[in-house]
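# Descriptive structure summary
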Amino acid sequence: MLTAKYLIAGQWVAGDTTFLSSPATGEALTFAVGTPSHVDAAVQAAEAAFPSFSALTRDQRAAFLDKIADEIEARGPEITAIGTSETGLPAARLEGERGRTTGQLRLFAQHIRDGAYLDRRHDAALPDRKPAPRPDIKLVQRPIGPVAVFGASNFPLAFSTAGGDTASALAAGCPVVVKGHSAHPGTGEIVAQAVDAAIKALGLHPGTFSLVQGGKRDVGEALVQHPLIKAVGFTGSLAGGRALFDLCARRPEPIPFFGELGSVNPMFLLPNAVANRGEAIAKGWAGYLTLGAGQFCTNPGIAVVTQGPEAQAFTAAAKEAVAPTPAQTMLTDGIAAAYRAGRDRVAAQSGVQSVLTSVCDRRNATPYLFEVSGDDWLGNHVLAEEVFGPLGLIVTVRDAAQMTEVAQSLQGQLTCTLHLDEADTAQAQALMPILERKAGRILANGFPTGVEVLDSQVHGGPYPASTNFGATSVGTMSIRRWLRPVAYQNLPDALLPADLR
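Everything numeric in this text was worked out from a predicted model, so none of it was measured. (Residues numbered from 1 in each chain as written. Predicted model: local features only at pLDDT ≥ 70, side-chain atom pairs only at ≥ 80, totals over all residues. Heavy atoms only, no water.)

A separate point is the overall build of the protein. Regarding its fold elements, the protein presents 14 helices and 21 strands. Each of the three principal axes of the protein carries a C-alpha extent, and together these read 75 × 70 × 40 Å. Here the protein, with 501 residues, has 56% of them falling under the buried criterion. Restricting to contacts in the protein with at least 6 residues of sequence separation, those with at least 24 account for 76%. Entry remark: accessible area of the protein is about 20,000 Å², with carbon and sulfur atoms responsible for 54%. Across the protein, the 41 positively charged side chains and the 47 negatively charged ones have centroids separated by 6 Å. (Helix = DSSP H or I, 4+ residues; strand = E, 2+ residues; numbered from the N terminus. Buried < 20%, exposed > 50% of the residue type's maximum accessible area, 1.4 Å probe, protein only. Contact = heavy atoms within 4.5 Å. Areas by Shrake-Rupley, 256 points an atom, 1.4 Å probe, with all protein chains shown as cover. Lys, Arg positive; Asp, Glu negative; His and termini not counted. Charge placed at Lys NZ, Arg CZ, Asp CG, Glu CD.)

Taken as a whole and assessed by the stated rule, the structure comprises three cavities of 30 Å³ or more. In terms of lining residues, the largest cavity is bounded by 17 residues, among which V264, G301, E386, V387 and L391 are the most central. Of the residues in the lining of the largest cavity, the class split is nine nonpolar, six polar and two charged. For the second largest cavity, the calculated volume is near 80 Å³. If you trace the second largest cavity, you find it lined by F234, F258, G259, E260, H459, G460, S466, N468, A471, T472, S473 and R481. When residues in the lining of the second largest cavity are grouped by element, the largest group, three residues, is from strand β11 (residues 257-260). (1 Å grid on protein atoms, 1.4 Å probe; cavity = no way out; pocket = protein on both sides within 12 Å on 5 of 7 lines; lining within 4 Å. Points joined across faces, edges and corners; volume = space filled by probe spheres on them. Nonpolar A, V, L, I, M, F, W, Y, C, P; charged D, E, K, R; others polar.)

The next point concerns unusual backbone geometry. That bond from K130 to P131 is cis: its omega, 5 degrees, falls within 30 degrees of zero. With respect to the secondary-structure elements, P131 resides in the loop between β5 (121-123) and β6 (137-143). Following Y463, the chain continues into P464 via a peptide bond in cis, with omega recorded as 10 degrees. The residue P464 is located in the loop between β20 (439-444) and β21 (483-489) in this model. We note that A4 has phi near 65 degrees; this positive angle belongs to a residue other than glycine. Take A4: it is sitting in the segment before β1 (6-8). Using a relative accessible area of 22% as the deciding quantity, one classes A4 as partly exposed. Phi at D119 takes a positive value of approximately 50 degrees, unusual for a residue other than glycine. Checked against the element boundaries, D119 lands in the loop between α4 (91-114) and β5.

Below, the discussion takes up the environment of V39. Tracing the chain through its elements places V39 in helix α1 (residues 36-54). Sequence-wise, V39 and L491 are 452 residues apart; in three dimensions their C-alpha atoms are separated by 38 Å. What V39 contacts, discounting residues up to four positions off in sequence, is V212, V219, A222 and L223.

It is worth spelling out the pairing of strand β7 (residues 147-150) at this point. Here β7 shows two buried faces, one formed by V147 and V149 and the other by A148 and F150. Here four bridges tie β7 to strand β8 (residues 176-179), and the two strands are oriented parallel to one another. Looking at β8, one finds that V147 is bridged to V176. With helix α5 (residues 164-172) bridging β7 and the parallel β8, this β-α-β connection has right-handed handedness. Note that β7 and strand β10 (residues 231-235) share four bridges and pair parallel. If you follow V149 over to β10, its bridge partner there is G233. (Pairing = 2+ DSSP bridges. Right-handed = clockwise from strand over helix to strand, strands pointing away.)

On to the pattern of salt bridges, then. By the definition in use, this model includes 20 salt bridges. One salt bridge in this structure joins R242 and D246, with 2.8 Å as the shortest N-O distance. Placement of the pair is R242 and D246 together in helix α8 (residues 238-250), with a separation of four residues, close to one helical turn. Residue R242 is classed as partly exposed on the basis of its relative accessible area of 34%. Put simply, D344 and R343 hold a salt bridge, and the shortest N to O gap is 2.9 Å. Taken together, the shared-partner salt bridges connect D59, D66 and R113 into one network. (Salt bridge = Lys/Arg side-chain N within 4 Å of Asp/Glu carboxyl O.)

A word on the pairing of β11. Each regular strand carries side chains that alternate between the two faces of the sheet. The side-chain alternation of β11 yields two buried faces, one formed by F257 and G259 and the other by F258 and E260. Where β10 meets β11, four bridges bridge the pair, whose relative direction is parallel. Along β11, the bridge assignment pairs V232 with F257. The handedness of the β10 to β11 crossover, carried by α8, is right-handed.

Here the focus is the sheet that holds strand β17 (residues 368-373). Strand order in the open sheet formed by seven strands is β15-β17-β18-β13-β12-β19-β20, with mixed pairing between adjacent strands. Because the sheet does not close on itself, it has two edges, and the strands there are β15 (353-356) and β20. For this sheet, the mean angle separating the axes of adjacent strands, direction not counted, is 20 degrees. With three bridges joining them, strand β12 (residues 267-269) and strand β19 (residues 413-419) adopt parallel strand pairing. Paired with L269 across the bridge in β19 is H419. Across the sheet, helix α11 (residues 333-347) lies against β17 and β18 (391-397), angled at about 30 degrees from β17, the strand it touches most. Contacting β12, β19 and β20, helix α14 (residues 425-438) runs over the sheet at an angle of about 150 degrees to β20. (Axes fitted to C-alpha atoms, helices over the stretch in contact; angles between N-to-C directions.)

Dropping the structure here:
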């Protein structure tokens, strides 16, 4: 059952003030509002937990991750009920996301049991080396300390309370303080109950995990500026993420801010692929463009195609495929308002032509398609900004050279996609060196929505897709964000971390 409180070091705490949730359906609920003082208590508890939690064996931490997954699954019906009410997402989507969340916890458990992520190295001493002996040096990755995590609006489970950032930090041996997203506070609390139950069942330090709900900017700012926080994980808007990133950089002790900030995820449709199967590509694009009301950070918002009859047929097929899409409920009123503002911003730009218009208001989203020439795209950076929702922009270029110019003009992206046939290989080869510098993931003949949780996955990219191009927020490599290498020179085994003995 919901307490409408937040969790600090194993205690459910009521605040002095409250806020009302804004559910898509059902009754609004009252939740306690966190304050900077609550953040301080949570972070102090996380620091107190760090020595014992970071000293757990890999098997012990893996058992903790598995236990969290078990506790989340035990609360499955509750999570689905409150999640559908708060977000408007269908039950099947939330159940799938819950499976992704528990699956990722179990994958991380398996990964740390293996131990390869520690990148252990050993250069043995050479006492007889001339002109000077070489010392014995061992290296291993060590956890950095308490981590702050900000829940995402669009993934109430997989990128929130016990989502990828939290799971990877716990796997690394770092206690976590989560700033829950106000779009789904009830969902966040039930998942926090699952984490708390796992902590109590295994007898871990209660400061290993805390959840603070509500609050204005001062709560988030207090969290990232707390001197005991050593890194931050964030999934959200460019504006919000950049503000927190700057705060992290201005601290007396700057800390890493791992922010995933969104992307337009352009697709480059090469001529032979469009000529041979343009209609099929258009239908596939329509399905992924409108999936979940377009509320995915990997939503493919841009299609770049060479002008001509095949491009016109592609545009007509995309319009026909998108047009029947009904209005869909967006996650929050604010996201819906931002979507309409983005639609108006695109429509107002010079050279932009409407392909498909619709009407949406309140918390609903309906799809829009626009078209613009390569010349107008290259002259207007506004068209390269993300519109979070089911809005597509078709960029028609003159030739392969201008398609290359469009690729070169891009800012950092989470994904770039090539739709190609074998006869397009030469043009694709010319684009690849550019796309590799623009995106963290490059696809062929597919659509980027849906990020598999795997060893090989990269969910990140050059700024502004993310704030650290060398990191990923999805996949087992995400654990490395919360570790740092430490070398041990001539230390006796009794002083070494257990993973080096």
